[in-house]
Amino acid sequence: MNYIVFDLEWNQGKLGKKDRHHQKIPFEIIEIGAVKLNEKKEITDKFDQLVKPQIYKDMPHMIEKMLHVDMQELAKGNYFQKVCNDFLKWTESDSIFCTWGNQDLIELQRNMEYFEMGTLAKEPFEYLDVQKLFSIAYEDGKSRRNLEYAIDFLKIEKDVPFHRAYADAYYTTKVLQRIDSDIEEYCSYDVYTLPAEKDDEIHKIYSSYSKYISRIFPTKAAAMADKEVSSMGCYLCDRLTRRRIRYFTTGGRYFIGVSQCPKHGFIKNKVRLRKHVKSENESEEVYVDKTQRLISKPELTEIMKKRDKALAMQQKRLNITGLSASKLTRQRKSGVKHEKTKPEKKK
Ligand SMILES: [Zn+2]
């Protein structure tokens, strides 16, 4: 297996969001840089090509300054279709993409679709988000640092300027080489193409949590009504769980609930409702990114406090609008209940 560490530079034209192309292709790729590594994470090859612009023919001064590249230089490159084909041929089949953050795979595929080249896959696929892995390896797993921070943190020599595609791919490689192989299990999923059917949905169990990525639902309500989405069953065994905290939300973007497995203890269920990158602005469509993890008793207490605060806020809003709050109070008192549904079989 090869690691393909890549980085893109893109331009958005001087008009930004006002440009008529913006909705379809906010960023036009102008450079692809990549490093190929073998299984031992030794560098075996490099890829470095400029792309001749076809959409945005001018460049905001800020981008020009940051990238140290101008339109005259880009004009010497090949068109995206050729550069991208060369790149994909160069990657070979048995390889995993590695990027700093999650945006490069999205923009690569958005450019590919714009130029009628299809997408990288017909379903979500695994890749390594080195920015996330850096956080898991060296920080709290939640923080997201920029590449230069990681380079300084690891005391890696800064021998080439940042913000050119090859240079950033090279620095990302240097960080990846310093991350323990055990941590690579925490792969990410590219969701440019979501699961088409229920059978294609993603179920992944990592050492410290599980992840579920759903198909698209027409609305948030439809997503939350789905049995698989709302299930609080134990992700480690098939046992029935007791519901300790019913799903609640603070801002509507995610829901948290807690269940208890007789064997494994307390499980925090977090359901994130996400807008797909290709959804229209007005669309109510969402997909679900759900994680389940074991938590301690103090963590359960913390979540209970959060829940109480969220319900109090909700009650306050209802009082303002003059609606009865009795339903909420009932919800709060209902307490422990048995989950009737068994968890779905994991892949
Ligand atoms: Zn269990």
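The residue numbering used here restarts from 1 in each chain and proceeds along that chain's sequence as written. Reporting of local features is limited, given that this is a predicted model, to residues whose pLDDT is at least 70; pairs of side-chain atoms are given and counted only at 80 or more, and all residues count toward the totals for whole chains, interfaces and linings.

1. Examining the overall build of the chain
- Each helix is a run of DSSP H or I of at least 4 residues and each strand a run of E of at least 2, with the numbering of both proceeding from the N terminus. Counting its secondary structure elements, the chain contains eleven helices and 13 strands.
- When the backbone C-alpha atoms are referred to their principal axes, the chain occupies close to 70 × 45 × 40 Å.
- Counting every position in the chain, which comprises 347 residues, the buried fraction comes to 29%. Residues are called buried when their C-beta atom has 20 or more other C-beta atoms within 10 Å, exposed when it has 12 or fewer, and partly exposed otherwise; all C-beta atoms are positioned from the backbone.

2. Considering the environment of K14
- Mapped onto the elements of the fold, K14 is located in the loop between β1 (2–11) and β2 (28–37).
- Expressed as a C-alpha distance, the spacing of K14 and I63, which sit 49 residues apart in the sequence, is 9.9 Å.
- Contact between two residues is assigned when their C-beta atoms, built from the backbone, lie within 7 Å. The residues contacting K14, other than those within four sequence positions of it, are D58 and P60.

3. Looking at the pairing of strand β11 (residues 265–274)
- Any two strands with at least two DSSP-identified bridges between them are counted as paired. Where strand β10 (residues 254–261) and β11 come together, eight bridges link them in antiparallel fashion. Residue pairing across strands places S259 opposite I267, the latter belonging to β11.
- In textbook terms, the turn of a hairpin is the stretch between consecutive antiparallel strands, and for β10 and β11 this stretch comprises three residues.
- With nine bridges joining them, β11 and strand β12 (residues 286–295) adopt antiparallel strand pairing.

4. Here we look at the nonpolar core
- Counting 50 residues, the largest nonpolar core has V5, I29, I32, C98, V130 and A169 as the members making the most contacts within it.
- With seven residues, helix α7 (residues 165–177) is the single largest residue contributor to this core.
- Counting residues domain by domain, this core receives three or more from each of domain 1 (2–190) and domain 2 (198–338).
- Sequence-distant contacts of I29, that is, excluding residues within four places in its chain, are made with L8, W10, V51, F80, E107, L108 and N111. Residues enter a nonpolar core if they are buried, belong to Ala, Val, Leu, Ile, Met, Phe, Trp, Tyr or Cys, and are joined to the set through C-beta atoms within 7 Å. Those domain boundaries reflect an automatic or database domain assignment.

5. A closer look at unusual backbone geometry
- The phi dihedral of E92 is positive, around 65°, even though this residue is not glycine.
- Tracing the backbone through its elements, the reader meets E92 in the loop between α3 (80–91) and β4 (95–99).
- One non-glycine residue, E116, lies in positive phi territory at about 55°.
- Along the chain, the position of E116 falls in the loop between α4 (103–114) and β5 (125–129).
- Residue E116 is classed as exposed on the basis of its C-beta count, with 7 C-beta atoms lying within 10 Å.

6. Remarks on the environment of F125
- Inspection of the secondary structure assignment puts F125 in strand β5.
- A count of 18 C-beta atoms within 10 Å places F125 in the partly exposed class.
- Non-local contacts of F125, meaning those with residues more than four positions away in its chain, are made with Y189 and D190.

7. A few points about the sheet that holds strand β6 (residues 188–190)
- In space, the six strands of this open sheet follow the order β3-β2-β1-β4-β5-β6, with mixed pairing throughout. Two strands bound the open sheet, and with one partner strand each, they are β3 (43–50) and β6. Taking the axes of each pair of neighbouring strands and ignoring which way they run, one obtains an average angle of 35° across the sheet.
- In this structure, β4 lies alongside β5, joined through two bridges in parallel fashion. Pairing of C98 across the sheet is with L128, part of β5.
- Lines are fitted to the C-alpha atoms to define the axes, a helix being fitted only along its stretch in contact, and any angle between axes, read from their N-to-C directions, falls within 0 to 180 degrees. Most of the contacts of helix α5 (residues 130–138) go to β5, to which it runs at about 60°, and overall it touches β4, β5 and β6.
- Sheet contacts for α7: β1, β2, β3 and β4; angle to β1, the most-contacted strand, approximately 145°.

8. Things to note about the pairing of strand β9 (residues 242–249)
- Where β9 lies against β10, five bridges are found, and the strand directions are antiparallel. Along β10, the bridge assignment pairs I245 with V258.

9. Notes on the domain arrangement of the chain
- Annotation of the chain at the domain level lists domain 1 (2–190) and domain 2 (198–338).
- A C-alpha centroid distance of 34 Å is found between domain 1 and domain 2.
- Domain 1 puts six residues into the contact, and the matching count from domain 2 is six residues.
- Any residue outside Ala, Val, Leu, Ile, Met, Phe, Trp, Tyr, Cys, Pro, Asp, Glu, Lys and Arg is labelled polar, Gly included; the first ten of those are nonpolar and the last four are charged. Taken together, the residues of the side of domain 1 that touches domain 2 break down into four nonpolar, no polar and two charged.

10. Digging into α7
- By this rule the span expected of a helix is its residue count minus one, scaled by 1.5 Å. Between its first and last C-alpha atoms α7 spans 18 Å; for 13 residues at 1.5 Å apiece the expected length is 18 Å, and the two agree.
- Counted residue by residue, α7 has ten buried out of 13 residues, so it is predominantly covered.
- Looking at α7, one finds that the buried residues are A165, Y166, D168, A169, Y170, Y171, T172, T173, V175 and L176.
- Tucked into the core, α7 has its buried residues touching β1, β2, β3, β4, α5 and α6 (147–153).

11. Concerning α3
- A rise of 1.5 Å per residue sets the reference length of α3, with its twelve residues, at 16 Å; its end C-alpha atoms lie 16 Å apart and thus fit the reference within 8%.
- Among the residues of α3, F80, V83 and C84 are the ones counted as buried. Seen along its axis, α3 keeps its buried residues to an arc of 95°; they face one direction.
- Tucked into the core, α3 has its buried residues touching β2, β3 and α4.
- Following α3 by one or two positions, E92 has its phi on the positive side, about 65°. This arc corresponds to the set of directions leading from the helix axis out to the C-beta atoms.

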